[in-house]
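# Structural features, examined
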Amino acid sequence: MDRHRLKLLAAELESGKIQLCLHSMEDVHILHDSGVQKAQVHIQIETGMHRLGFDPEEMDALMFQIRESSVMEVIGVFTHFAQSESDMAFTLEQSLKFDQVEKKLSQACGKKLIRHVANSGAIISSVGTELEWVRPGIMLYGFPPTVEPEIQKKFQPVLTWTAPIISIKQVRAGGSIGYNQQYKVEKDMKIATVAVGYGDGFDMSYGSAWVGYKNQKCNIVGRVCMDLMMIDVSEVESPMHNDHVRLLGDGSGAEPTALELAWIKKTIVYEVLCRIGQRVQRTVHFSEND
């Protein structure tokens, strides 16, 4: 937390348009020293993730600060589950620790607080979903936090990433494509250059993947460059400049899914989606049923 930033947001904080999450005594001191007159806050409790949050042993000191403070208006309390998608016993242990601390905090505040603990994995397993709020993450993109096939079937990816073709070339057998002549051309090919690269978050490791173009799989050839990459469109009928190819989606246009790209990179779907860069234009589309 930053004092200067809090000061800039003082009006929004004091009107309740912005609420703060506090996870340490340092946050409490910074808030009091910032000059903000009033702020609605949510208190994070450490229950086993050991990343952020007040330890149960700190609660007496925190509750003293709350009673003495004219700045903090505590309205919520929360924790974060470490492995709600895979370890129910540990998740329930965290939930129990949270309940014990939350009751004491609510009593100290003299009112019922907004409680929120359930991330995507907990929502699936119904842990904490009876509380006031839930905090879905990966589910918002249409992906579950697990690779279990039966759970995967219940989700529909909502994100499609496309990029335009900006060049089409004929490459003769014996030539090479891309940096370091990584791809050797064994027969005549038609190559399209697409305006996307690792600078946009399309990782170099995806070079062994493909894209979807006119409902056909087109392999990526050569290295993925910073801003560009090349694909084989030899079997595509009438490829055209400015046509968009599908880099990632639900697979309905022959493109890879985020899960398939995650397998290629040996990572998780979260990273694939989070690495899509800021210079990639975002457009929201609504279906007729929305």
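Structure: see above.
Let me sum up the structure you'll find in this document. What you are looking at is a predicted structure, and each value in this text was computed from that prediction instead of being measured.

All chains considered together, the criterion is met by 2 aromatic pairs. When the ring of Trp161 is compared with that of Phe202, the centres are 5.8 Å apart and the planes differ by 70°; the resulting orientation is edge-to-face. Taken together, the positions of Trp161 in strand E5 (residues 161-171) and Phe202 in the loop between strand E8 (189-194) and strand E9 (210-213) put the pair 41 residues apart, joining distant regions of the chain. As far as the burial class goes, Trp161 and Phe202 line up, both buried. Between Phe202 and Tyr206, the aromatic rings sit 5.0 Å apart at their centres with planes inclined by 80°, giving edge-to-face as the arrangement. Accessibility classification places Phe202 together with Tyr206 in one group, the buried group. Above the plane of the ring of Trp210 lies Lys217, whose end atom (NZ or CZ) is 4.4 Å from the centre.

Turning to the nonpolar core, a few remarks are in order. Leu22, Leu31, Val41, Ile43 and Leu105 are the most contacted members of the largest nonpolar core, which has 34 residues in total. For this core, the elements supplying multiple residues, two or more each, are helix H2 (10-15), strand E1 (20-22), helix H3 (25-33), strand E2 (39-44), helix H4 (59-68), strand E3 (72-78) and helix H5 (88-109). If we skip the residues at most four places from it in the chain, Leu105 touches Ile43, Met59, Met63, Ile66, Val77 and Leu113. By size, the runner-up hydrophobic cluster in this structure holds 33 residues, among which are Ala192, Val236, Leu248 and Ile276.

Looking now at the pattern of salt bridges. Applying the stated criterion to the full structure yields 13 salt bridges. Among the salt bridges present, the one from Glu132 reaches Arg115, with a minimum N-O distance of 2.9 Å. Residue Glu132 is located in the loop between helix H6 (120-125) and helix H7 (149-152), and its partner Arg115 is located in strand E4 (residues 114-116); the two are separated by 17 residues in the primary sequence. The salt bridge involving Arg279 is made with Asp200; its shortest N-O contact spans 2.5 Å. In this pair, Arg279 sits in the segment after helix H9 (269-274) while Asp200 sits in the loop between E8 and E9, placing the two residues 79 residues apart along the sequence. One continuous salt-bridge network, built from bridges that share partners, spans Lys112, Arg115 and Glu132.

At their nearest, the axes of H4 and H5 sit 10 Å apart, and the two run at 20° to each other. Between H4 and H5, the angle is such that the two are roughly parallel. Crossing angle aside, the handedness with which H4 passes H5 is right-handed. On H5, the residues touching Met59, Met63, Ile66 and Arg67 of H4 are Val101, Lys104, Leu105, Ala108 and Cys109. A per-class count over the contact of H4 with H5 returns 7 nonpolar, no polar and 2 charged.

Right, let's talk about the side chain of Asp200 for a bit. For Asp200, a relative accessible area of 8% corresponds to the buried category. Only 2.5 Å separates the side chain of Asp200 from the side chain of Arg279, close enough to count as a polar contact. Leave out the neighbours within four places in its chain, and Asp200 touches Trp161, Met226, Arg275, Ile276, Gly277, Arg279 and Val280.

The strands making up a sheet associate through backbone hydrogen bonding, with each pair oriented either parallel or antiparallel. Spatial strand order, E1-E2-E3-E4: 4 strands in an open sheet with parallel pairing. The sheet is open, and its two edges are formed by E1 and E4, each paired on a single side. With strand direction ignored, the average angle separating the axes of adjacent strands in the sheet is 35°. Here E2 runs beside E3; their pairing, made up of 6 bridges, is parallel. The residue bridging His42 from the neighbouring strand is Gly76, located in E3. On top of the sheet, H3 reaches E1, E2 and E3; it is set at about 135° to E1, its chief contact.

What counts and what doesn't
- Along each chain, the written sequence defines residue order, and numbers are assigned to residues from 1.
- Owing to the predicted nature of the model, reporting of local features is limited to residues with pLDDT of at least 70; listing and counting of side-chain atom pairs is limited to 80 or more, with chain, interface and lining totals taken over all residues.
- Hydrogens and waters are ignored; side-chain quantities use all the structure's heavy atoms.
- Any pair of Phe, Tyr and Trp rings, taking the six-membered ring for Trp, is counted once the centres come within 6.5 Å. Such a pair is stacked with planes under 30 degrees apart, edge-to-face with planes over 60 apart, and tilted for the rest.
- Helix numbering and strand numbering both begin at the N terminus, where a helix is a DSSP run of H or I of at least 4 residues and a strand a DSSP run of E of at least 2.
- Each residue is placed in one exposure class: buried if its accessible area under a 1.4 Å probe, protein chains only, is under 20% of its type's maximum, exposed if it is over 50%, and partly exposed if it falls in between.
- Geometrically, a lysine NZ or arginine CZ counts as sitting over a ring once it is within 6 Å of the ring centre and also within 35 degrees of the ring normal.
- Joining through side-chain atoms within 4.5 Å is the link that ties buried Ala, Val, Leu, Ile, Met, Phe, Trp, Tyr and Cys residues into a set, and such a set is a nonpolar core.
- Two residues qualify as a contact provided that any one of their heavy atoms is within 4.5 Å of a heavy atom in the partner residue.
- By definition, a salt bridge exists where a carboxyl oxygen of Asp or Glu is found within 4 Å of a side-chain nitrogen of Lys or Arg.
- Working convention: axes come from line fits to C-alpha atoms, limited for helices to the stretch in contact. Angles between N-to-C directions cover 0 to 180 degrees.
- Here the angle decides the label: under 35 degrees means roughly parallel, over 145 means roughly antiparallel, 65 to 115 means roughly perpendicular, and every other value means oblique.
- Note on convention: the crossing is left-handed when the near helix lies turned anticlockwise from the far helix by less than a right angle, right-handed when the turn is clockwise.
- Classification used: nonpolar for Ala, Val, Leu, Ile, Met, Phe, Trp, Tyr, Cys and Pro, charged for Asp, Glu, Lys and Arg, polar for all others including Gly.
- As used in this structure description, the phrase polar contact means that two N or O atoms lie within 3.5 Å; if the pair is within protein, one of them must be able to donate a hydrogen and the other to accept it, and residues adjacent in sequence are counted only when both atoms belong to side chains.
- Each pair of strands is called paired provided DSSP finds at least two bridges between the two strands.

All we've got here are geometric facts, nothing functional implied.
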